[in-house]
Amino acid sequence: MKSTLLILCMITGGFILSQVDKYEPARIRMVKTQIMDRGLSNTAVLDAMKKVPRHLFIPKEYESEAYNDYPLPIGYGQTISQPYIVAYMTDIVRPTSRKKALEIGTGSGYQAAVLAEIVEKVYTIEIVPELAKEASERLKKYGYKNVECKFGDGYKGWPEHAPFDIIIVTAAADHIPQPLIDQLAENGRLVIPVGAPSAVQELILVTKRNGKPEQKRLTFVRFVPFKRL
Ligand code: SAH
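Residues numbered from 1 in each chain as written. Predicted model: local features only at pLDDT ≥ 70, side-chain atom pairs only at ≥ 80, totals over all residues. Heavy atoms only, no water.

Quick look at the site of the ligand now. Neighbouring residues of the ligand: 25 residues in total, closest E103, S108, E126, G154 and K227. In the complex, 99% of the free accessible area of the ligand, which totals 580 Å², lies under the protein chains. When each cavity is represented as a set of grid points, the ligand is found to reside in the largest pocket. Those elements giving two or more residues to the shell around the ligand turn out to be strand 4 (78-80), strand 5 (100-104), helix 4 (110-116) and strand 6 (121-126). Here the shell around the ligand takes three residues from strand 4, the largest share from any one element. (Near = heavy atom within 4 Å. Areas by Shrake-Rupley, 256 points an atom, 1.4 Å probe, with all protein chains shown as cover. 1 Å grid on protein atoms, 1.4 Å probe; cavity = no way out; pocket = protein on both sides within 12 Å on 5 of 7 lines; lining within 4 Å. Sits in = over half its atoms within 2 Å of the grid points. Helix = DSSP H or I, 4+ residues; strand = E, 2+ residues; numbered from the N terminus.)

Moving on to the environment of E63. Topologically, E63 is positioned in the loop between helix 2 (43-51) and strand 3 (72-75). Since its relative accessible area comes to 13%, E63 is described here as buried. Along the backbone, E63 and I104 are 41 residues apart, and their C-alpha atoms lie at a distance of 24 Å. With near-sequence residues (within four places) excluded, E63 lies in contact with K22, Y23, H55 and I58. (Buried < 20%, exposed > 50% of the residue type's maximum accessible area, 1.4 Å probe, protein only. Contact = heavy atoms within 4.5 Å.)

The complete set of buried residues in helix 2 reads V45, L46, A48 and M49. End-on, the buried residues of helix 2 take up no more than an arc of 160°, which puts them together on one face. Among the structural elements, helix 1 (24-35), helix 3 (83-92) and helix 4 are those in contact with the buried residues of helix 2. Near the N-terminus of helix 2, the side chain that reaches the backbone nitrogen of A44, with its oxygen 3.1 Å away, is that of N42. (Arc of directions from axis to C-beta. Polar contact = N/O pair within 3.5 Å; in protein donor to acceptor, adjacent residues only side chain to side chain.)

Geometry only, nothing functional implied.
Shown next as structure tokens:
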């Protein structure tokens, strides 16, 4: 397969559909100018961001803006994060091929797909039922067999699959849910935006050593609110 022409093949009911990915140049440019130029050099993360077709995770009307340097609406008052923030959060949790991850806030499924390109397994929870269903179908359609989605309140985590090496929360909470800290593995890394919903929030990294969680403040961000059922 030529790198300039990514052929997406989907086998559906016996038909083979192929489509030239006209957005690949925009995606490569996005990775260079928005991510590498801001100092992120983790090859696994850069490769995942080059690979995942972000334009297929957002509503058709915003498709041409998919690779721009800002978040976009995905319906139900929710947004897909700015590409750099996705890359930054993916990098900060140190993903590697043997790790198991939990994401709270599936949204479009894009962050889950980026993570799934690198880690062994991604579990992801979404509180808006329509988004949970759409993202689950989308991830299946694009062949992400190592992602498991469910509808629900991510506050409680997913105890059946704990502990997790990585936990990424993509909605802003006013505190870090204790069940998520409890479900973090030894040497695990959890990243979460913490702060008031209408204000700027702080991205917090929680690491666990000898069973003890430690917090580090990373940067300021703006996320949609963490909701409860
Ligand atoms: N990671 C997403 C970004 C989604 S925005 C992506 O790549 O597209 C944050 C998402 O978190 C929203 O879809 C919102 O509905 C969801 N959310 C908010 N509170 C939640 C909760 N308690 N549990 C699960 N999902 C939640």
